Amino acid sequence: MLSLRQDIVHAFAEGSFRGNPAAVVVLDVWPKEQLMLHLAQDNNLSETTFLVKEKEGWHIRWFTPVAEVKLCGHATLASGKVLHERKLWDAEQTISLKSRSGLLKIAYENEDYVLDFPAQKIDATRLPPGLEEALRCSVSECYGSGEDFLVLLDDEETVSKIKPDFSFLKKINCRGVTITAKSDKYDFVSRFFAPGYGIDEDPVTGSAHCTLAPFWAERLHKSEMLAAQVSSRGGLLRLRVSGDRVFIAGKAKHFSQALIESPFTENIA
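Residues numbered from 1 in each chain as written. Predicted model: local features only at pLDDT ≥ 70, side-chain atom pairs only at ≥ 80, totals over all residues. Heavy atoms only, no water.

We now examine the pairing of strand E13 (residues 188-194). As a general feature of sheets, a regular strand has side chains that alternate between the two faces. The buried fraction of E13 is high, at 7 of 7 residues. In E13, alternate side chains face the same way, and those of Phe 188, Ser 190, Phe 192 and Ala 194 on one face and Val 189, Arg 191 and Phe 193 on the other are all buried. Remark: 5 residues form the turn of the hairpin made by strand E12 (residues 176-182) and E13, two consecutive strands paired antiparallel. Taken together, the 3 bridges between E13 and strand E15 (residues 224-229) define a ladder with parallel strand orientation. (Buried < 20%, exposed > 50% of the residue type's maximum accessible area, 1.4 Å probe, protein only. Helix = DSSP H or I, 4+ residues; strand = E, 2+ residues; numbered from the N terminus. Pairing = 2+ DSSP bridges.)

What follows deals with the packing of aromatic side chains. Enumeration according to the criterion identifies 8 aromatic pairs in this entry. Seen from their ring centres, Phe 50 and Phe 63 are 5.8 Å apart, and the 80° between their planes marks the pair as edge-to-face. Of this pair, Phe 50 sits in strand E3 (residues 48-53) while Phe 63 is found in strand E4 (residues 58-63), placing the two residues 13 residues apart along the sequence. Here Phe 50 and Phe 63 have matching classes, each one buried. (Phe/Tyr/Trp six-rings, centres within 6.5 Å; stacked < 30°, edge-to-face > 60°.)

In this section: the environment of Lys 222. When you line up the elements, Lys 222 lands in the loop between helix H6 (209-220) and E15. A C-alpha to C-alpha distance of 35 Å links Lys 222 and Leu 51, two positions 171 residues apart in sequence. Those residues in contact with Lys 222 that lie beyond four places of it in its chain are Asp 187 and Ala 217. (Contact = heavy atoms within 4.5 Å.)

Turning next to helix H1 (residues 33-43). Turning to H1, its buried residues are Leu 35, Met 36, Leu 37, Leu 39 and Ala 40. Here the buried face of H1 lies against strand E1 (2-11), E3, E4 and strand E18 (252-262). Taken from the residues just after H1, Asn 44 is the one with a positive phi, measuring 55°.

Turning our eyes to something else, we now look at helix H2 (residues 73-85). When the terminal C-alpha atoms of H2 are compared, their 19 Å separation across 13 residues agrees well with the 18 Å that a helix rising 1.5 Å per residue should span. Among the 13 residues that make up H2, 11 are buried, leaving the element largely enclosed by the rest of the structure. For H2, every residue scored as buried is listed here: Gly 73, His 74, Ala 75, Thr 76, Leu 77, Ala 78, Ser 79, Gly 80, Lys 81, Val 82 and Leu 83. Taken from the residues just after H2, Lys 87 is the one with a positive phi, measuring 60°. (Expected span 1.5 Å × (residues − 1).)

In C-alpha cells form, the structure reads like this:
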C-alpha cells in the first residue's frame, strides 16, 4: 500500500481563499510519471508539484491535469511553504531546486517566499490568426516568449473584464496567453489563460512573470515592481529584476493536508 501526504497551499495569497491553489507531494523516490499525472488529474488544480530530496537541495517537477510543464511559479512557492512548515528546510538558508528550467532557488524574507527564476526573453511577433477573436478584444501589441504569447492591452479595465472564448483560444498554437496592461494602483496587471494544458484561467501565474517583469521593467524604467493578477481569486506578486534573473515574492497560506493511500505500489520506480 502506497501512502502519500499531500498538502494544498494557496500561493500569492494575501488572505483566505485568495491566490492560486497548488498541491504539494514530498516523495522519497520518483514514482512512474503516469502516477504523478493521475494524481494531478484527480486534484484538477492548475498544478500538482512533486519533490524528491537530493544530496544538494531538491528536485522539483510540476504537472497540470494534462501534462508535465517546464516551469511553475506558484507551485514552487507553495513547495517552499510546505518544506518550511514540515521543517525539511532551514528557512534561514536559501534552498536550491533542480528543475527542467535549470537551477531555481527559494528564500524566506519578511514572511514572503522569494523565488529566484530565470528571466524570459520576448520578441515582437505577428498576431496569431484568431487570437483577437478568441480574446474578444483588440490587441495593441503581441510578443512571443518561448511557449507563450504576451498580449499588451490598452488599459487595466479591459484586462479585468475580458471573457475569452476558451474553445477558440485552445486552438492557438501555444502553452498559454498572458494579457497585461499598465495599472494605476499597481505597476501592472495581468491574467493568464492555458486551455490547451487543461487550465482555462490560472488564478496567479508565477512563471508568466519571468516574462512580464523584464517586459515592464524596461517600459517603466524600474527594477522593483508590484503586480496584481486580476483573476477572480486574485494575487499579488512583488518583483525584482536583476540581470538575467527575476525574483518573485509572495505570501502563502496552508489550506489543507491529506493522506493518499493507493494499492498501486507497482507505480513506485
